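Observations on chain architecture
Here's the letter readout for the chains.
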Amino acid sequence: MKIFLIGFMGSGKSTIGKSLAKTLQFNFTDLDNYIEKRTSKSIKQIFTEKGEQYFRCLEKDFLQEVILKENIVIATGGGTPCFYNNMKTILDNGISIYLRMQAKDLAERLCKEKNKRPLIEKLSCNKLDEFISSRLIEREKFYLKATHIINAKKVNIDTLRNLVLG
Ligand code: S3P
């Protein structure tokens, strides 16, 4: 079984993914960390040195690699489902969970964690809300295709566990 956590930056994909993997006794992979290990570069470095398009291409290729593993929880990057045919790959290969959160809550969280995220690091905290709101409108076209949609502010790992085990 493969479980994909999807959602905007700051929605808790990695934290929740780790806990879910633990209760299910599954492996856990964070796609961003995987890309960093495989390329020996930070996400920020890849964006700065090669640009977003290059990053998206790596992201697509490494998604294909991580889905080869079994019994795994995968925390994708915030943009992963929205490029190439990645959302189809996700839907065809396992159960997906969209960690849904409102723009204002995401902005509040991300204001403190902007630095390692190249798409938002230069935005002031005041501008974050606006940026996230417009990106969410585009991205929810993909996120909302997920198998399950849950409120990311009220996640209970046991509920999530029962949800995926059906
Ligand atoms: C991105 C989200 C990041 C990372 C990259 C681009 C995005 O992942 O993949 O900075 O486009 O939303 P997180 O959602 O884990 O922060």
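Please read these numbers as outputs of a predicted model, since none were measured by experiment. (Residues numbered from 1 in each chain as written. Predicted model: local features only at pLDDT ≥ 70, side-chain atom pairs only at ≥ 80, totals over all residues. Heavy atoms only, no water.)

**Observations regarding the state of the cysteines**
Quick reminder of the rule: By disulfide we mean two sulfur atoms from cysteines, separated by a distance within 2.5 Å.
In the structure shown here, the tally under the stated rule is one disulfide. Not engaged in a disulfide, the cysteine Cys82 finds its nearest cysteine sulfur in Cys57; these two sulfurs lie 16 Å apart.

**A word on the site of the ligand**
For the record, the criterion: Neighbouring residues are identified by heavy atoms, a residue being near a molecule or strand if any of them is within 4 Å of it. A 3.5 Å cut-off defines polar contacts: any pair of N or O atoms within that distance qualifies, except that in protein one atom must be a possible hydrogen donor and the other a possible acceptor, and neighbouring residues in sequence count only when both atoms are side-chain atoms. The method behind every accessible area is Shrake-Rupley, applied with a 1.4 Å probe, and residues are considered shielded solely by the protein chains displayed. Residues are sorted three ways: Asp, Glu, Lys and Arg are charged, Ala, Val, Leu, Ile, Met, Phe, Trp, Tyr, Cys and Pro are nonpolar, and all the rest, Gly among them, are polar.
Around the ligand sit 13 residues in total, of which Lys13, Asp32, Arg56, Arg117 and Arg139 are the nearest. Here an oxygen atom of the ligand sits 2.8 Å away from a polar atom, N or O, in the side chain of Lys13. The contact in question runs from an oxygen atom of the ligand to an N or O atom on the side chain of Asp32, over 2.7 Å. Against a free-state accessible area of 390 Å², the protein chains account for coverage of 94% of the ligand. Here the residues of the shell around the ligand are counted per class, giving five nonpolar, three polar and five charged.

**Regarding the pattern of salt bridges**
Threshold: The salt bridge criterion pairs a side-chain nitrogen of Lys or Arg with a carboxyl oxygen of Asp or Glu, the two atoms within 4 Å. Segments assigned H or I by DSSP are reported as helices when at least four residues long, segments assigned E as strands when at least two residues long, and all are numbered from the N terminus. Think of it in three bands: residues with accessible area under 20% of the maximum for their type are buried, residues over 50% are exposed, and the middle band is partly exposed, with areas taken using a 1.4 Å probe on protein chains only.
Applying the stated criterion across every chain, the model contains 13 salt bridges. Between Arg56 and Glu52 there is a salt bridge, with the nearest N and O atoms lying 2.9 Å from each other. Of this pair, Arg56 and Glu52 both sit in helix H4 (residues 52–66), separated by four residues, roughly a single helical turn. Overall, the relative accessible area of 4% leaves Arg56 in the buried class. Residues Lys88 and Asp92 are paired through a salt bridge, measuring 2.7 Å at the closest nitrogen-oxygen approach. Taken together, the residues span about one helical turn, with Lys88 and Asp92 both in helix H5 (residues 86–93) at a distance of four residues. Here Lys88 matches Asp92 in class, with each residue exposed. What emerges from the salt-bridge pattern is a single network uniting Lys44, Glu121 and Lys122.

**A look at the packing of aromatic side chains**
Filter applied, for reference: Here the aromatic set is Phe, Tyr and Trp, taking the six-membered ring for Trp, and pairing holds for ring centres within 6.5 Å; pairs whose planes are under 30 degrees apart are stacked, those over 60 apart are edge-to-face, and all others are tilted. Over a ring means this: the NZ of a Lys or the CZ of an Arg is within 6 Å of the ring centre and within 35 degrees of the ring normal.
The full count for this structure, using the stated rule, is three aromatic pairs. Centre to centre, the rings of Tyr98 and Tyr143 are 4.9 Å apart; their planes meet at 35°, and the pair counts as tilted. Highlighted residues: Tyr98 in strand E4 (residues 95–100) and Tyr143 in helix H7 (residues 125–143), separated in sequence by 45 residues. The residues Tyr98 and Tyr143 share a single accessibility class, namely buried. The cationic tip of Lys50 hangs over the ring face of Tyr54; the distance from NZ or CZ to the ring centre is 5.0 Å. Over the face of the ring belonging to Tyr84 we find Lys60, whose NZ or CZ atom lies 4.9 Å from the ring centre.

**Quick look at the sheet that holds strand E3 (residues 72–75)**
Cut-off, in case you're wondering: The pairing criterion for strands is at least two bridges between them, as found by DSSP. With axes taken as lines fitted to C-alpha atoms, and helix axes fitted only over the stretch in contact, angles between N-to-C directions fall between 0 and 180 degrees. Here, residues are in contact when the closest pair of their heavy atoms is within 4.5 Å.
Taken in spatial order, the five strands make up an open sheet running E2-E3-E1-E4-E5, and their pairing is parallel. On the outer flanks of this sheet lie strand E2 (27–30) and strand E5 (148–151), each paired with one strand and no other. When strand polarity is set aside, the average angle formed by the axes of neighbouring strands in this sheet is 20°. Pairing analysis gives four bridges linking E2 to E3, with the strands arranged parallel. Paired with Asn27 across the strands is Ile72, a residue of E3. The sheet contacts of H5 involve strand E1 (2–6) and E4, and relative to E1 the element is tilted by about 140°.

**With respect to unusual backbone geometry**
The backbone of Gln25 shows a phi angle near 55°, a positive value even though the residue is not glycine. Along the polypeptide, Gln25 turns up in the loop between helix H1 (13–24) and E2. Residue class for Gln25 comes out exposed when judged on its relative accessible area of 74%. The phi dihedral of Tyr84 is positive, around 50°, even though this residue is not glycine. With respect to the helices and strands, Tyr84 occurs in the loop between E3 and H5.

Read these as spatial facts, not as claims about activity.
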